[in-house]
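Here is what each chain is made of, one letter per residue.
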Number of protein chains: 2
Amino acid sequence: METTRAAIARVAARQFLEAGYGPTTMRGIAAELGIDPSLVIHHFKSKENLLLSILGPTPTVLDALDGPRETLGRRILEALLVSVGEGSLRFFAILTQVSDSEAVRARLREVFDEALIGPLRARLPHPDADLRARLAAAALRGLLYSIAIVEDDALTADGMPALIDRYAPAVQALLD
Amino acid sequence: METTRAAIARVAARQFLEAGYGPTTMRGIAAELGIDPSLVIHHFKSKENLLLSILGPTPTVLDALDGPRETLGRRILEALLVSVGEGSLRFFAILTQVSDSEAVRARLREVFDEALIGPLRARLPHPDADLRARLAAAALRGLLYSIAIVEDDALTADGMPALIDRYAPAVQALLD
């Protein structure tokens with residue numbers, strides 16, 4: 001049977017995705033479940049903590065790291081754009097929108113460090129592997145930002161594979 | 001003499017920069033000026049509208065467009081990182097954090113269209129100049145995002161000129 005905690009997390013995730021961060025309230029989540037709001041507070045303390053708690057494991061680009069280094073940028077881009085579905089993009093946008101909180105900014109750093117920068121740094125032979133990985137992460141964040149927040153639909157008009165073809169040289173240039 | 005409207009805009013800009021969007025209130029702005037809050041509402045309607053109204057003219061990369069095309073990426077990057085001072089980066093972060101509003105997302109699109117994508121598209125000879133300009137904008141946004149929101153200090157640790165050296169090849173790869 002689903003625990004109360006799991007039920008709260010499930011309903012919260014749906015409400016955050018559908019309504020955004022601002023309009024979602026712990027009271028509204030409790031109401032949908034027919035439970036007392038104090039239970040939501042008991043399990044998750046605050047709305048911000050609830051948001052940070054329900055984020056799933058970060059999609060990792062680990063599998064993309066196998067293979068020739070000349071096409072590493074492309075494989076990472078594919079792994080990122082394919083593994084982050086619509087839901088993950090939306091959570092990226094929500095986290096970004098709540099980033100006036102230091103806890104959220106810390107999480108944004110952590111997410112990219114764990115999912116991307118750490119594995120990539122370990123894969124690169126260069127003495128400045130860390131900086132290269134961070135530069136590549138900046139370029140990748142820019143694409144996520146442009147799709148999920150600026151909503152520049154011209155970028156995705158020809159489909160994800162076409163976008164990957166066009167953007168891969170930029171990521172690769174930062175790794176070479 | 002400074003008009004009431006100009007005084008409100010000046011104090012609002014300072015409060016937004018210092019306290020962030022959330023903690024800044026129209027009431028607090030009125031209090032600092034010793035005027036009635038209804039005057040702030042009269043001039044600017046809402047806090048969101050106040051934020052959108054006080055943004056200065058977008059720094060443009062127009063001057064960077066003159067010169068050889070092989071180094072265009074680098075010159076645009078310089079123009080952007082040099083012309084956006086600390087204040088502009090902070091406003092970029094604030095606008096991004098308020099981007100669950102469609103009006104703010106529209107402004108974010110507009111800012112980049114006017115400052116970067118339009119001029120750049122006009123400079124490129126390729127039939128797909130628009131897409132190239134948008135891809136370059138995505139990469140540039142990624143760098144602003146990584147500096148101003150994620151606060152990845154490792155990127156700027158060696159100074160802006162060093163960062164420009166490292167990131168320029170990515171921007172150039174999207175234009176070539």
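Cut-offs and rules
- Residues numbered from 1 in each chain as written.
- Chains lettered and ligands numbered in written order.
- Predicted model: local features only at pLDDT ≥ 70, side-chain atom pairs only at ≥ 80, totals over all residues.
- Heavy atoms only, no water.
- Phe/Tyr/Trp six-rings, centres within 6.5 Å; stacked < 30°, edge-to-face > 60°.
- Helix = DSSP H or I, 4+ residues; strand = E, 2+ residues; numbered from the N terminus.
- Buried < 20%, exposed > 50% of the residue type's maximum accessible area, 1.4 Å probe, protein only.
- Lys NZ or Arg CZ within 6 Å of the ring centre and 35° of its normal.
- Polar contact = N/O pair within 3.5 Å; in protein donor to acceptor, adjacent residues only side chain to side chain.
- Contact = heavy atoms within 4.5 Å.
- UniProt positions renumbered as here; feature names shortened; annotations may be inferred.
- Buried area = accessible area lost by both parts, 1.4 Å probe.
- Salt bridge = Lys/Arg side-chain N within 4 Å of Asp/Glu carboxyl O.
- Nonpolar A, V, L, I, M, F, W, Y, C, P; charged D, E, K, R; others polar.
- Domains from an automatic or database assignment.
- Expected span 1.5 Å × (residues − 1).
- Bend = angle between axes of the 7 residues up to and from the residue.
- Axes fitted to C-alpha atoms, helices over the stretch in contact; angles between N-to-C directions.
- Left-handed = near helix turned anticlockwise from the far one by under 90°.

**Looking at the packing of aromatic side chains**
Alright, step 1. What the rule picks out here adds up to seven aromatic pairs over all chains.
Alright, step 2. Ring centres 6.3 Å apart and planes at 75 degrees place the aromatic pair F92 of chain A and F112 of chain A in the edge-to-face group. Highlighted residues: F92 of chain A in helix 6 (residues 86-97) and F112 of chain A in helix 7 (residues 102-123), separated in sequence by 20 residues. Exposure class is identical for F92 of chain A and F112 of chain A. Each is buried.
Alright, step 3. Each member of the aromatic cluster is reached from another via a ring pair, and the members are F92, F112 and Y145 of chain A together with F92, F112 and Y145 of chain B.
Alright, step 4. Over the ring of Y21 of chain A we find K47 of chain A; its NZ or CZ atom is 4.3 Å from the centre of that ring.
Alright, step 5. Above the plane of the ring of F112 of chain B lies R141 of chain B, whose end atom (NZ or CZ) is 4.5 Å from the centre.

**A short note on the side chain of T96 of chain A**
Alright, step 1. Tracing the chain through its elements places T96 of chain A in helix 6.
Alright, step 2. A residue is classified by how much of its surface remains accessible, and T96 of chain A, at 0% relative accessible area, is buried.
Alright, step 3. Polar contacts involving the side chain of T96 of chain A include one to the main-chain carbonyl oxygen of F92 of chain A, which spans 2.8 Å.
Alright, step 4. Contact partners of T96 of chain A, with chain neighbours within four places excluded, come to L108 and I149 of chain A together with T96, Q97, Y145 and I149 of chain B.

**Comments concerning the UniProt feature "DNA-binding region" (unreviewed entry) in chain A**
Alright, step 1. Following the UniProt record, the feature "DNA-binding region" (unreviewed entry) maps to residues 25-44 of chain A here.
Alright, step 2. In residues 25-44 of chain A, the share of helix is 80% and the share of strand is 0%. The end C-alpha atoms are 12 Å apart.

**As for unusual backbone geometry**
Residues and elements named next belong to chain A.
Alright, step 1. The backbone of K45 shows a phi angle near 65 degrees, a positive value even though the residue is not glycine.
Alright, step 2. Considering the arrangement of structural elements, one finds K45 in the loop between helix 3 (37-44) and helix 4 (47-54).
Alright, step 3. Unusually for a residue other than glycine, E151 sits at a positive phi of about 55 degrees.
Alright, step 4. Looking at the secondary structure, you find E151 in the loop between helix 8 (129-148) and helix 9 (153-156).

**Observations concerning the interface of chain A and chain B**
Accessible area lost during the coming together of the parts is what is often quoted as the interface size.
Alright, step 1. Taken together, the contacts link 36 residues of chain A with 36 residues of chain B.
Alright, step 2. A combined buried area of about 3,300 Å² lies between chain A and chain B, and 59% of that area is made up of carbon and sulfur atoms.
Alright, step 3. Of all residues in chain A, Q97, Y145 and R166 of chain A bury the most surface against chain B, accounting for 20% of the area lost on that side.
Alright, step 4. Applying the counting rule to chain A against chain B returns eight salt bridges.
Alright, step 5. With a shortest N-O distance of 3.0 Å, D152 of chain B and R134 of chain A are connected by a salt bridge.
Alright, step 6. At the boundary of chain A with chain B, the tally comes to 16 residue pairs in polar contact (both at pLDDT 80 or more).
Alright, step 7. The biggest single contributor to the side of chain A that touches chain B is helix 8 of chain A, with eleven residues.
Alright, step 8. A class-by-class count of the residues in the side of chain A that touches chain B yields 19 nonpolar, six polar and eleven charged.

**Some words on the domain arrangement of chain A**
Residue and element names in this part refer to chain A.
Alright, step 1. Once the domains are mapped, chain A shows domain 1 (4-54) and domain 2 (62-175).
Alright, step 2. For domain 1 versus domain 2, the distance between C-alpha centres works out to 29 Å.
Alright, step 3. Taken together, the contact pairs ten residues of domain 1 with ten residues of domain 2.
Alright, step 4. Both faces considered, domain 1 and domain 2 share a buried interface measuring about 860 Å² in area, 74% of it formed by carbon and sulfur atoms.
Alright, step 5. Taken together, the connections running from domain 1 to domain 2 amount to zero salt bridges.
Alright, step 6. Where domain 1 packs against domain 2, one counts three residue pairs in polar contact (both at pLDDT 80 or more).
Alright, step 7. At the level of secondary structure, the elements contributing two or more residues to the side of domain 1 that touches domain 2 comprise helix 1 (4-19) and helix 4.
Alright, step 8. Residue composition of the side of domain 1 that touches domain 2, by class: eight nonpolar, one polar and one charged.

**Section: the pattern of salt bridges**
Alright, step 1. One pass over the full model with this rule turns up 32 salt bridges over all chains.
Alright, step 2. In this structure, the salt-bridge partner of R134 of chain A is D113 of chain A, at a minimum N-O distance of 3.9 Å. With R134 of chain A in helix 8 and D113 of chain A in helix 7, this pair connects stretches of sequence that are 21 residues apart.
Alright, step 3. Overall, D113 of chain A belongs to the partly exposed group, its relative accessible area being 32%.
Alright, step 4. When the shortest N-O distance is used, the salt bridge between R132 of chain B and D128 of chain B registers 2.8 Å.
Alright, step 5. Connected through salt bridges with shared partners, the residues D113, R121, D130 and R134 of chain A together with D152 of chain B form a single ionic network.

**Re helix 7 (residues 102-123) of chain B**
Residue and element names in this part refer to chain B.
Alright, step 1. The terminal C-alpha atoms of helix 7 lie 30 Å apart, and with 22 residues this matches the ideal 32 Å at 1.5 Å per residue to within 8%.
Alright, step 2. The largest bend in helix 7 is about 50 degrees, located at D113.
Alright, step 3. Every buried residue of helix 7 is accounted for by V104, R105, L108, V111, F112, A115, L116, I117, G118, P119 and L120.

**Examining the packing of helix 4 of chain A against helix 6 of chain A**
All names here are of chain A.
Alright, step 1. The geometry of helix 4 relative to helix 6 is characterised by a closest axis approach of 12 Å and an angle of 150 degrees between their N-to-C directions. Every pair of crossing elements has a handedness; the one defined by helix 4 and helix 6 is left-handed. Along the contact surface, helix 4 presents L51, L52 and I54, while helix 6 presents F91, I94 and L95.
Alright, step 2. In the contact of helix 4 with helix 6, the residues fall into six nonpolar, no polar and no charged.

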